[in-house]
Amino acid sequence: MNRAARRLIITGNWKMHTDLVEGATLVAEVIERTESLALSADLVLCPPYTHLTVAATQLSGRSISLGAQNMHDAPEGAYTGEVSARMLLTSGCRYVILGHSERRSYFGETNESVNGKVKSSISAGLTPILCVGETLEEREAGQTEQVVGEQVREGLSGTDPKTAHGLVLAYEPVWAIGTGRMATPDQADQVHGHLRQVIAEMFGDDFADGIRIQYGGSVKPENAGALMARPHIDGALVGGASLDASSFEAIVRAGLGINGG
Ligand code: 13P
């Protein structure tokens, strides 16, 4: 299967930005600008937890999907401040971002804890977007493939891909997140190709052929087209530029190879 046979998936990770009113305004603007494009690509918005039910109402019956930025791995329990997969699902989420580098570096998430979340997201019926990526030191030491390979192998350990609801991977080099310094399309595509090979070793060639791998890290309207034109880059996980509906639209258009707006 080549890139053209895999449907593009573009996700906006809003991180801890926007209050409830600003968030609702942004969702409305994104709907206005991108809903027709969502017929040709999967579009996912991941606002903060507090915005989910309002956003779900706005997106109800539309072709843009909702996702969350994290979850706890337990189905329920005495975990003050945490949110379960089922809570996300019943708040209208279809996707959940797991193992984002900010979760790994600021909140102590490990491949093992991410694996627990991946498993419970799948059993609840959510589609995980599993994030992997190397630090600058790891890249400079020539360890990129080893680090991201381990993140995928350990993150997906014990999962059955057939039940994973279209599991998505996201390659986000830590040094490219929020820095304005993106990986070149060649650098990113090379890592994506390696990830596809790791998936093939774990789950077979057919599954690896179909899995979608997003690139994330300083994706902007100006670089999105070149990235998503590469054979192994099936979409984008967009941080800062997803907070502006016109930039998000421009990224989706660039990914689809459609000009103007
Ligand atoms: P930026 O697009 O702001 O670099 O963030 C990338 C990211 O972390 C998306 O999850």
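I will try to describe carefully the structure that is included in this document.

Conventions and cut-offs
Residues numbered from 1 in each chain as written. Predicted model: local features only at pLDDT ≥ 70, side-chain atom pairs only at ≥ 80, totals over all residues. Heavy atoms only, no water. Near = heavy atom within 4 Å. Polar contact = N/O pair within 3.5 Å; in protein donor to acceptor, adjacent residues only side chain to side chain. Areas by Shrake-Rupley, 256 points an atom, 1.4 Å probe, with all protein chains shown as cover. Phe/Tyr/Trp six-rings, centres within 6.5 Å; stacked < 30°, edge-to-face > 60°. Lys NZ or Arg CZ within 6 Å of the ring centre and 35° of its normal. Axes fitted to C-alpha atoms, helices over the stretch in contact; angles between N-to-C directions. Helix = DSSP H or I, 4+ residues; strand = E, 2+ residues; numbered from the N terminus. Parallel < 35°, antiparallel > 145°, perpendicular 65-115°, else oblique. Left-handed = near helix turned anticlockwise from the far one by under 90°. Contact = heavy atoms within 4.5 Å. Nonpolar A, V, L, I, M, F, W, Y, C, P; charged D, E, K, R; others polar. Core = buried A, V, L, I, M, F, W, Y, C linked by side-chain atoms within 4.5 Å. Buried < 20%, exposed > 50% of the residue type's maximum accessible area, 1.4 Å probe, protein only. Salt bridge = Lys/Arg side-chain N within 4 Å of Asp/Glu carboxyl O.

Our next topic: the site of the ligand. In the vicinity of the ligand, the contacting residues are Asn13, Lys15, His100, Glu172, Ala176, Ile177, Gly178, Gly217, Ser218, Leu237, Gly239 and Gly240. The separation between an oxygen atom of the ligand and a polar side-chain atom of glutamate 172 is 2.9 Å. One of the backbone nitrogen or oxygen atoms of glycine 178 is found 2.6 Å away from an oxygen atom of the ligand. Burial of the ligand by the protein chains amounts to 96% of its free accessible area of 310 Å².

A few words now on the packing of aromatic side chains. Evaluation of the coordinates by the stated rule reveals three aromatic pairs. One cation-aromatic arrangement involves arginine 103 over phenylalanine 107; the distance from NZ or CZ to the ring centre is 4.1 Å.

A few words on the packing of helix α7 (residues 144-155) against helix α8 (residues 185-203). Describing two packed helices takes the angle between their axes plus the distance from one axis to the other. Here α7 crosses α8 at 40 degrees, and the two axes come no closer than 10 Å. Between α7 and α8, the angle falls in the class oblique. For the pair α7 and α8, the crossing hand works out as right-handed. Together, Thr144, Glu145, Val148, Gly149, Val152 and Arg153 of α7 and Gln190, Val191, His194, Leu195, Val198, Ile199, Glu201 and Met202 of α8 make up the contact between the two elements. Its residues assigned to classes, the contact of α7 with α8 comprises seven nonpolar, four polar and three charged.

In this structure, Ile10, Leu88, Leu169, Leu195 and Tyr215 are the most contacted members of the largest nonpolar core, which totals 64 residues. Here this core gets six residues from one element, more than from any other, and that element is α8. Residue contacts for leucine 169: discarding those within four places in its chain leaves Leu130, Val152, Leu156, Leu195, Ile199, Ile211, Arg212, Ile213 and Gln214. One finds Ile9, Val44, Cys46 and Val168 within the second-largest nonpolar core, a separate group that totals 10 residues.

Turning our eyes to something else, we now look at the pattern of salt bridges. If you walk through the whole model with that rule in mind, you get 14 salt bridges. Aspartate 42 is paired through a salt bridge with arginine 212; the nearest N and O atoms lie 2.7 Å apart. A residue pair is termed long-range when its members are at least 10 positions apart, and aspartate 42 in strand β2 (residues 42-46) and arginine 212 in strand β7 (residues 212-216) qualify at 170 residues. Note on accessibility: aspartate 42 and arginine 212 belong to one class, buried. One salt bridge connects glutamate 109 with arginine 103, and the closest N-O pair in it is separated by 3.0 Å. Each of Arg6, Arg196 and Asp234 takes part in one network of salt bridges that share partners.

By themselves, these observations are geometric and do not establish any function.
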